[in-house]
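Structure assessment
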There are 4 protein chains.
Amino acid sequence: MSQLHEECGVLGIAAPWRTDVAHLAYYGLFALQHRGQESCGIVVNDDGLFSYHKDVGLVNEVFSRPVLESLPQGNMAVGHVRYSTTGGSGRSNCQPMVVNHIKGHMALAHNGNLVNSSELRRELELQGSIFHTTNDTEVISYVITRERLRAPSIEEAVSRAMDTIKGAYSLVVMSPSKLIAARDVNGFRPLCYGVRADGGYVVASETCALEAMGARFERDLDPGEVMVFSGGEVRSIRDHCGTAPRRTCIFEYIYFARPDSVLDGVSVQEARMRAGERLAQRHPVEADVVIGVPDSGLDAALGYARASGIPYGVGFIKNRYIGRTFIAPGQAFREDLVRIKLNPISNVVRGKRLVVVDDSIVRGTTSKRFVDLLWEAGAAEVHLRISSPPFLNPCYYGTDIDSRENLVACNHTLEETRQLIGVDSLGYLPIDDLPYLIGQTVHDGFCDACFTNVYPTETPKDQGKSRFEYKISERNRT
Amino acid sequence: MSQLHEECGVLGIAAPWRTDVAHLAYYGLFALQHRGQESCGIVVNDDGLFSYHKDVGLVNEVFSRPVLESLPQGNMAVGHVRYSTTGGSGRSNCQPMVVNHIKGHMALAHNGNLVNSSELRRELELQGSIFHTTNDTEVISYVITRERLRAPSIEEAVSRAMDTIKGAYSLVVMSPSKLIAARDVNGFRPLCYGVRADGGYVVASETCALEAMGARFERDLDPGEVMVFSGGEVRSIRDHCGTAPRRTCIFEYIYFARPDSVLDGVSVQEARMRAGERLAQRHPVEADVVIGVPDSGLDAALGYARASGIPYGVGFIKNRYIGRTFIAPGQAFREDLVRIKLNPISNVVRGKRLVVVDDSIVRGTTSKRFVDLLWEAGAAEVHLRISSPPFLNPCYYGTDIDSRENLVACNHTLEETRQLIGVDSLGYLPIDDLPYLIGQTVHDGFCDACFTNVYPTETPKDQGKSRFEYKISERNRT
Amino acid sequence: MSQLHEECGVLGIAAPWRTDVAHLAYYGLFALQHRGQESCGIVVNDDGLFSYHKDVGLVNEVFSRPVLESLPQGNMAVGHVRYSTTGGSGRSNCQPMVVNHIKGHMALAHNGNLVNSSELRRELELQGSIFHTTNDTEVISYVITRERLRAPSIEEAVSRAMDTIKGAYSLVVMSPSKLIAARDVNGFRPLCYGVRADGGYVVASETCALEAMGARFERDLDPGEVMVFSGGEVRSIRDHCGTAPRRTCIFEYIYFARPDSVLDGVSVQEARMRAGERLAQRHPVEADVVIGVPDSGLDAALGYARASGIPYGVGFIKNRYIGRTFIAPGQAFREDLVRIKLNPISNVVRGKRLVVVDDSIVRGTTSKRFVDLLWEAGAAEVHLRISSPPFLNPCYYGTDIDSRENLVACNHTLEETRQLIGVDSLGYLPIDDLPYLIGQTVHDGFCDACFTNVYPTETPKDQGKSRFEYKISERNRT
Amino acid sequence: MSQLHEECGVLGIAAPWRTDVAHLAYYGLFALQHRGQESCGIVVNDDGLFSYHKDVGLVNEVFSRPVLESLPQGNMAVGHVRYSTTGGSGRSNCQPMVVNHIKGHMALAHNGNLVNSSELRRELELQGSIFHTTNDTEVISYVITRERLRAPSIEEAVSRAMDTIKGAYSLVVMSPSKLIAARDVNGFRPLCYGVRADGGYVVASETCALEAMGARFERDLDPGEVMVFSGGEVRSIRDHCGTAPRRTCIFEYIYFARPDSVLDGVSVQEARMRAGERLAQRHPVEADVVIGVPDSGLDAALGYARASGIPYGVGFIKNRYIGRTFIAPGQAFREDLVRIKLNPISNVVRGKRLVVVDDSIVRGTTSKRFVDLLWEAGAAEVHLRISSPPFLNPCYYGTDIDSRENLVACNHTLEETRQLIGVDSLGYLPIDDLPYLIGQTVHDGFCDACFTNVYPTETPKDQGKSRFEYKISERNRT
């Protein structure tokens, strides 16, 4: 019954006329699938009439042909992919959320995490409100709805709601006649929009989804900005812009986002390659080949290789067919499991001094497993390089980091970690190099609280117990 | 977005200890399946922790073995079967409804229809409430939740809510520690409870479900009664008892309920046989055999046969395997469809003068179809007898009668109807004989507004347009 | 790896032109569903090109809308429903079987059981044949194929194959250009054909399927007859007719067939009513009401009531929603299970002297259970009447009777059985009355080996062990 | 009804004792999934009793948890993944095939394509054989079965069958007590075996599957070799070894096999990198970055980069979530489709002179699509390099190459192809460089008939029409 901490992806479409917006949203969700694999949904707005489908599963599982075809044509749509589920029925927590209120109905898709949702929830319940879900999204729906009672328009209600809701959110709201996008004042989570050749507008968490929906990137929403797409026009409400410093999540670049996306003007792939380059300078080593851990370590490995002059190689084959429904082996064959997912290429590894680049270490157990495979394959030396600093603190803005007690860096020195994983040397990216990832020289414009413990906002009051309930399992990261 | 008019079934279990209440509810829902085939659900309460599953489909479709086994053991449970769905996503309207409020969480299962839900909804929305569904159940949840802010207990909140909600409802409410059953002041919809050998209590819409859950019938709830099952004890709150005349729905006896149920002291099967007997007296005819239209016409046919002395025969075989997913034929084979569902037995029909008994006529088209089959099979004469009076008025209490414009009796004289259906004679049960069905001599204690236009309560203010949107399709009745 | 003993249903369609024969077969299979609920299939012949779908499950489970619509139009079709499965993969044993041979391809649907399939199988294997299934159908396919090497036509090959295959079979064979129906020389299993208004021909196990496919019954196939439907014409090959005495399975009338079917000129419902009448004469008793055990005991009960003058009543409600996927309760609620399936109507039973009519007793356990329910419901006396003689012998012709060691009549006297079931009196239909069921006075024209041990053919050589592996579970009969 | 040309993967397990061989096979099939995505299956041998499951779909679709768990433990297993399906029911063509014959039963999994299956089929049909499938596997089953009538053992029967069946095959056969692997005399398709730490033996198409099943690679089977695994021992029958020259399929290295596999002593990844190196020497160009087309062009691109000194870059992101069930857009959004599957990274492409490396060109349409994306993303120059020679001829050994009329190289000059695809320059790997891929200097030891028209065996007699029915759709290759 406590709040969730989720990574998600959102999108919205405002077409110039009635068309197959469900298919368009479907393609956009495919491009955002890496941001959330637990559930997904699409709401179509056909001139005020909402139709929707959402369920637990990947986009291709939830949207079979009959389901997708059962959604009507429309002039607007909202879509969502979601990372984590909790409690009894994951299905009730699927998004987008659709609610009815006194001025009509509304669909909401939300990425992020509020820091004051418990207080808001309690306040609302004290006035007799009922909650069907444990989502922040339902809290946001209520706040917008209450503002709507007095506000002259839905966009104004959204804007006023931003005075009340605190924390990280990139939000897409659809009323019967308008599509509204909003980004929190710190701009923790990405949100951008683009234009299609047919004049339609498209909003999405990442630029790769704009492209998948056939749109040309226009620009990122500014922190605090509310954009209204209606009647073929765009309008920006900037009342909250500039009220707080920009704090883009640095981990979006390191791990979350897709390499072909460009977030707040910075290419994700370039950020990763730069992290690799910096690693090469900070932790040089003599070696024969640089390999990355698929998929998120590959770009940093290429950066390391370029900067160090050591040849880049493909050292692991990742099995592309293993998905959500993969059945883990019983005790009898447990030892074989890693190899099914990630198999080293002997010819690359045998007798070689390896630099292995990965994006992060959580508990250390996954790292140990792939390192073991390299030793078995005959590696001469293994030097592990991590393209981010050590995780030391919880995230309250929508990233599910494991609890401190499980984070290897909270309980071990660097040397202990190196021994635990079993490598010849271990090097993390220094905190001071983080600005370099996004082409900056000063430490500003991004949130790195998980590394530094410097939080840009107030933090949740009831963070104790519940922090430990929701966490990324390390297994999902490899 | 308007309210629904639904027939449903509800049940609740309060076990003396942690046990497999989900299985028990599953068996109970099988016994109530005839009251609603569109969706169903079970909520298990394991010492305050709710787990649930609900979906569109029959009980055996929604509750596959893995799903049923995924529900934990518990000490309480609530179950629901639902008749009709509306709009975009039937799934969101499935019951029981589970909501969180300031004092905890609550599950509700509801059978009936409020007459003031539109007003209540508007009132709530004006205070900033949001609605996820178009169910009366969500309105009731809100009213109870608001009363709960001031009431000393959940049962008291339910009791106070009964001052606000008007119309027909048989309600089962589950809080983390209590099971509460409530029946509206007129007692439109049935609700009874029983005791299991292990000391557990069981609430259900019909006695047949008590038996399926291994319980001995204890008694019907009185109109206006609230019963609280908690800690192995039963308590009755009778504040609303006697504040309005009893108005049991007469159509429960004629069509809805299962023949082995006993509602408010009257056997459903006996009521139907009495209707048949009375028909024999009111509309006698010389004939060779009396046959019933399966399944709901069979008991009345037996009653007619007994009273008239004409032999009872089985004239139709109903295909038991045709269900929700049956694929209706294209135009090419349309004419064969009725025969697949209902095939006359030639040896019984050929050359015979038949009395055919059915429970009601809605549009007349279904009646015409089975009568045609009898003529094709060589019937010498067909005399149709209907064990209820003609439908002339809408029901606001949870029965989905077709709109007046489609009711054959609203637009045709008896003679026109007879010709339209194509029978030698046609006889309805006179309104004055309705008391006889439930063993009374005076016209009191039941609601027959659909026949008489005498409504026991206020009627909905916005009854116009929306009346025509939700209706029983006649095809579902055969 | 031993042969199966199965009850099945078959059908075939020869349309005058390309039309939606898959839908037609689908409706026919619904009408035959009572003959086999384990698997089903349809093969469509579109001018020589075969398309098919078959799987484990009921017709409405196997043929979802997309599956049915994926079958093309055609001018012929064959369909099958199957009772029992065995061994690893039930799916591979689904019918119709489709095979390729030197002269083209062929689809076969078969109902019955050969008595020499083991010998034939061994012979074929000694020549290098391979078998994919454990079906008699595959043996028949081979025999026809081998005859086809020399025979001038497929129908001649079928006719010649009948010299080799021994036992019970009603067979529908489809070649690229012909539909062929064949019935064994004793005519154990029913098979008939009819004509549609469009001139198409339809073959089926029972007349009720002809009607469901919109056809008028033409006549039963004679024992030993082969019929060829091709190019809008019918041709009969009577080479094997009259070579053996007719031996229609009497149990088709007592239990298998649908009451609205007419098999070899005798109405199934009438046969059952006659059995009831005869029972009333043989085992009269003073009682208040006669009730039948649904569904197959109902007609005999009506016959008993008519002949005895004791009123007929409906004493049990059978739950129509319990199907293949019903989840039996754990030990905790085992005692409630029967009541979920079959609930007595208290008002009919309480304080009454009952005559209860059922079609047969296998192990006696099912009988005991429903009798217990009657006692619990307050019956004053229970007199059980069985509309068939006691089962004493195995069936080799396609009926899965339990092994002798489990048959209550093999191991108990009448009095012991009466006590075991717990009734005041027990009466079986005498063997001598069996002719009366089908309107005969002499004991001829039907097979009653399961009662009499008089087998019309040789019996299988390896009957020992395998007899006990395949049996009807009594639970499926109620 | 003609033969199939399929790429497939096979595996077999002979465990030292009864264990969970189904899970082991499941992991092995995941490692072979790239060899066939249309269907898959596992047969478990539990001391002579076979249980199996096979169906259309990916391994994770066909083997859900309940299905996998329904397979018993055993001491042997055979598994199969299959590429292509044909005709009415793909399901009946799924492998492994399980058949019964006079000496027991047998399971077969087969990769390859016979060149004389039509003749063998006809011969067998003339003797009265029936065929359930259109698989070569069924033909092979028959041939082995017939040999088994006279041969003293199943392995001897397999060996003798090799005198009759001609063409490409890597075969795994399981009898009740033995696991047998056989490779055709030319060794077209790969097959190897390994040993597990528990002493069990494992056979598979590729070494990556050995590793996934926890086995250490032992060695490849020699062309013509038959290996028998039984009672913890291995035995080799070498009667056919050396009777024909080795002709490993060169396209296994270029495209089919997984980069971490080592086939006949040559690392697949190294072969691809060498192809890239050679391309750099044969078709050098001045450029800024070398990118590969995922996934099979990546290694060759890395080889090109290394040999040329031009930096290697990641130019495309391939969407990992698009699978079999992906719903292609209607006409409205067709233009967006490629981008959903394969999105260029603007920062890498914009303003750059690109060398783009892919493994092959079939029709040219796919190549044109990804090249167009690069132009749209702002590429300054695009130089396409193909790591194989042009396809000019059909393959009769199990590779589904498109028909000649669709092969761009059959109908266009190099210059025409370059213009059609729209690149600045186009270079194929010269035929003379093929030996270099597998570390040879002379043109021997492999089959390259698809490039050279030099077939190592007789070719099928009825190659005309049917060649055009079964082909790889180019869309599946990107």
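Residues numbered from 1 in each chain as written. Chains lettered and ligands numbered in written order. Predicted model: local features only at pLDDT ≥ 70, side-chain atom pairs only at ≥ 80, totals over all residues. Heavy atoms only, no water.

**Here's the deal with the interface of chain B and chain C**
Heads up, the condition is: We call two residues in contact whenever any of their non-hydrogen atoms come within 4.5 Å of each other. Two parts placed together each lose some accessible area; with a 1.4 Å probe, that loss summed over both constitutes the buried area. Helix and strand assignments follow DSSP, with helices taken as H or I runs no shorter than four residues and strands as E runs no shorter than two, numbered in order from the N terminus. Gly is put with the polar residues, along with every residue not named as nonpolar or charged; the nonpolar set is Ala, Val, Leu, Ile, Met, Phe, Trp, Tyr, Cys and Pro, and the charged set is Asp, Glu, Lys and Arg.
Contacts between chain B and chain C engage 57 residues on the former and 56 residues on the latter. Between chain B and chain C lies a buried interface of about 4800 Å² when both sides are counted; carbon and sulfur atoms form 57% of it. Looking at the side of chain B that touches chain C element by element, the count peaks at six residues for helix H1 (residues 21-32) of chain B. When grouped by side-chain class, the residues that make up the side of chain B that touches chain C number 29 nonpolar, 15 polar and 13 charged.

**Details of helix H4 (residues 117-126) of chain D**
Just so we agree on the cut-off: The rule is simple: take the accessible area with a 1.4 Å probe, protein chains only, and divide by the maximum for that residue type; under 20% is buried, over 50% is exposed, in between is partly exposed. Starting at the helix axis, one direction is taken to each C-beta atom, and the arc is that of these directions.
The complete set of buried residues in H4(D) reads D:Ser117, D:Leu120, D:Arg121, D:Leu124 and D:Glu125. Considered in projection along H4(D), the buried side chains sweep an arc of 130° and stay on one side of the axis.

**Let's talk about the pairing of strand E9 (residues 192-196) of chain B**
All names here are of chain B. Our working rule: By definition, two strands form a pair when at least two bridges between them are found by DSSP.
The buried fraction of E9 amounts to five of the five residues, a majority that puts the element mostly inside the structure. Both faces of E9 are covered, namely the face carrying Cys192, Gly194 and Arg196 and the face carrying Tyr193 and Val195. Bridge count between E9 and strand E10 (residues 201-204): four bridges; the pairing is antiparallel. Bridge pairing in E10 places Gly194 opposite Val202.

**Regarding the interface of chain A and chain D**
Selection criterion: Pairs of N or O atoms are called polar contacts if they sit within 3.5 Å, as long as, within protein, a hydrogen donor faces a hydrogen acceptor (for residues adjacent in sequence, only side-chain-to-side-chain pairs).
Counting from both sides, the interface comprises 55 residues of chain A and, opposite them, 56 residues of chain D. Taken together, the two surfaces of chain A and chain D that pack against each other cover about 4800 Å², and 57% of this comes from carbon and sulfur. Viewed at the interface, chain D and chain A are joined by 18 residue pairs in polar contact (both at pLDDT 80 or more). For the side of chain A that touches chain D, the element with the most residues is helix H1 (residues 21-32) of chain A, which contributes six residues. In terms of residue class, the side of chain A that touches chain D is made up of 28 nonpolar, 15 polar and 12 charged.

**A word on the relation of the copies chain B and chain C**
What counts here: For this overlay, a least-squares fit was computed on C-alpha atoms, restricted to residues scoring pLDDT of at least 70 in both copies.
The two copies are related by a screw motion: chain B maps onto chain C through a turn of 180° and a shift of 0.0 Å along the axis, at an RMSD of 0.0 Å. When the rotation and shift are considered jointly, the pair of chain copies conforms to a two-fold rotation axis. Within chain B, the C-alpha atom positioned nearest to the axis of rotation is that of B:Arg320, 3.6 Å from it. The fraction of interface residues of chain B whose copies in chain C are also interface residues reaches 98%, indicating that both copies meet through the same surface.

**So, the sheet that holds strand E21 (residues 381-386) of chain A**
Residue and element names in this part refer to chain A. What counts here: Fitted lines through C-alpha atoms give the axes, limited to the stretch in contact for helices. The angle between two N-to-C directions lies from 0 to 180 degrees.
Across the sheet, which stays open at both edges, the four strands sit in the order E17-E20-E21-E22 with parallel pairing between neighbours. Looking at strand neighbours, the two that pair on one side only are strand E17 (289-292) and strand E22 (425-428), the edges of this open sheet. Neighbour-to-neighbour, the strand axes of this sheet turn through a mean angle of 20°, independent of strand direction. Bridge analysis of strand E20 (residues 353-358) against E21 gives six bridges, and the strand direction is parallel.

**Here's the deal with the relation of the copies chain A and chain D**
Mapping between the two copies of the chain is achieved by a rotation about an axis and a shift along the axis. The two copies are related by a screw motion: chain A maps onto chain D through a turn of 180° and a shift of 0.0 Å along the axis, at an RMSD of 0.0 Å. Most of the interface of chain A is mirrored in chain D, where 100% of its interface residues are also at the interface.

**Overview of the packing of helix H4 (residues 117-126) of chain C against helix H5 (residues 136-150) of chain C**
All names here are of chain C. As a reminder, the rule being used: To sort the angles, those under 35 degrees are grouped as roughly parallel, those over 145 as roughly antiparallel, those from 65 to 115 as roughly perpendicular, and the leftovers as oblique. By definition, turning the near helix anticlockwise from the far helix through less than a right angle yields a left-handed crossing, and turning it clockwise yields a right-handed one.
Two numbers describe how H4 lies on H5: the axes approach to 10 Å, and their chain directions differ by 55°. Classified by the angle their axes make, H4 and H5 are oblique. Viewed along their axes, H4 and H5 form a crossing whose handedness is left-handed. Across the interface between the two elements, Ser117, Leu120, Arg121 and Leu124 of H4 pack against Asp136, Val139, Tyr142, Val143 and Arg146 of H5. Its residues assigned to classes, the contact of H4 with H5 shows five nonpolar, one polar and three charged.

**Structural notes on the nonpolar core**
What counts here: Only buried residues count toward a nonpolar core, which is a set of Ala, Val, Leu, Ile, Met, Phe, Trp, Tyr and Cys residues joined through side-chain atoms within 4.5 Å.
Of all hydrophobic cores here, the largest spans 120 residues; its most connected members are A:Tyr397, D:Leu354, D:Val356, D:Leu374, D:Leu384 and D:Tyr397. Leave out the neighbours within four places in its chain, and D:Tyr397 touches D:Gly112, D:Asn113, D:Val115, D:Ala168, D:Phe188, D:Arg189, D:Cys447, D:Tyr455, D:Pro456, D:Thr457 and D:Glu458. Grouped together as the second largest cluster of nonpolar side chains are 94 residues, B:Tyr253, B:Phe256, B:Ala287 and C:Val357 included.

**Some points on the packing of aromatic side chains**
Residues and elements named next belong to chain D. In plain terms, the rule: Centres within 6.5 Å are what make two rings of Phe, Tyr or Trp a pair, Trp counting through its six-membered ring; a difference in plane orientation under 30 degrees is then read as stacked, over 60 as edge-to-face, and the rest as tilted.
What the rule picks out here adds up to 66 aromatic pairs over all chains. Aromatic pair Tyr26 and Phe30: ring centres 5.0 Å apart, planes at 85°, arrangement edge-to-face. Pair noted here: Tyr26 and Phe30 are both in helix H1 (residues 21-32), with a separation of four residues, about one helical turn. An identical accessibility class is assigned to Tyr26 and Phe30; each is buried.

**Things to note about unusual backbone geometry**
With an omega dihedral of -5°, the bond running from B:Gln95 to B:Pro96 counts as a cis peptide bond. Summarising the element assignment, B:Pro96 is placed in the loop between strand E4 (74-82) and strand E5 (97-101). With a phi angle near 45°, A:Asp264 is a residue other than glycine that sits in the positive phi range. Along the chain, the position of A:Asp264 falls in the loop between strand E15 (262-263) and strand E16 (266-267). Within the chain, A:Asn453 stands out as a residue other than glycine whose phi angle is a positive 70°. Considering the arrangement of structural elements, one finds A:Asn453 in the segment after helix H17 (449-452).

**Observations regarding the confidence of the model for chain A**
Residues and elements named next belong to chain A. Using the following cut-off: Scored from 0 to 100, pLDDT records how confident the predictor is in each individual residue.
Mean pLDDT for chain A: 90, with 92% of residues reaching 70 or above. Under a pLDDT of 50 for its full length, residues 464-478 has, in the predicted model, 42 contacts with residues more than four places off or in other chains. The ipTM, which scores confidence in the relative placement of chains, is 0.90 for this predicted complex, and the corresponding pTM is 0.91.

**Structural notes on the pattern of salt bridges**
All names here are of chain C. Heads up, the condition is: Definition used for salt bridges: Asp or Glu carboxyl oxygen within 4 Å of a side-chain nitrogen of Lys or Arg.
With the rule as written, the count across this model stands at 108 salt bridges over all chains. Its salt-bridge partner being Arg18, residue Asp46 comes within 2.9 Å of it at the nearest N-O pair. One end of the pair, Asp46, is in strand E2 (residues 39-46); the other, Arg18, is in strand E1 (residues 8-19), and 28 residues separate them in sequence. Assessed through its relative accessible area of 47%, Arg18 is described here as partly exposed.

**Description of the pairing of strand E6 (residues 104-114) of chain C**
Residues and elements named next belong to chain C. Of all the 11 residues making up E6, 10 are buried; the element is thus mostly covered by neighbouring parts of the structure. Count of turn residues in the strand E5 (residues 97-101)/E6 antiparallel hairpin: two residues. Alignment of E6 against strand E7 (residues 167-174), held across eight bridges, turns out to be antiparallel. Residue pairing across strands places Leu114 opposite Gly167, the latter belonging to E7.

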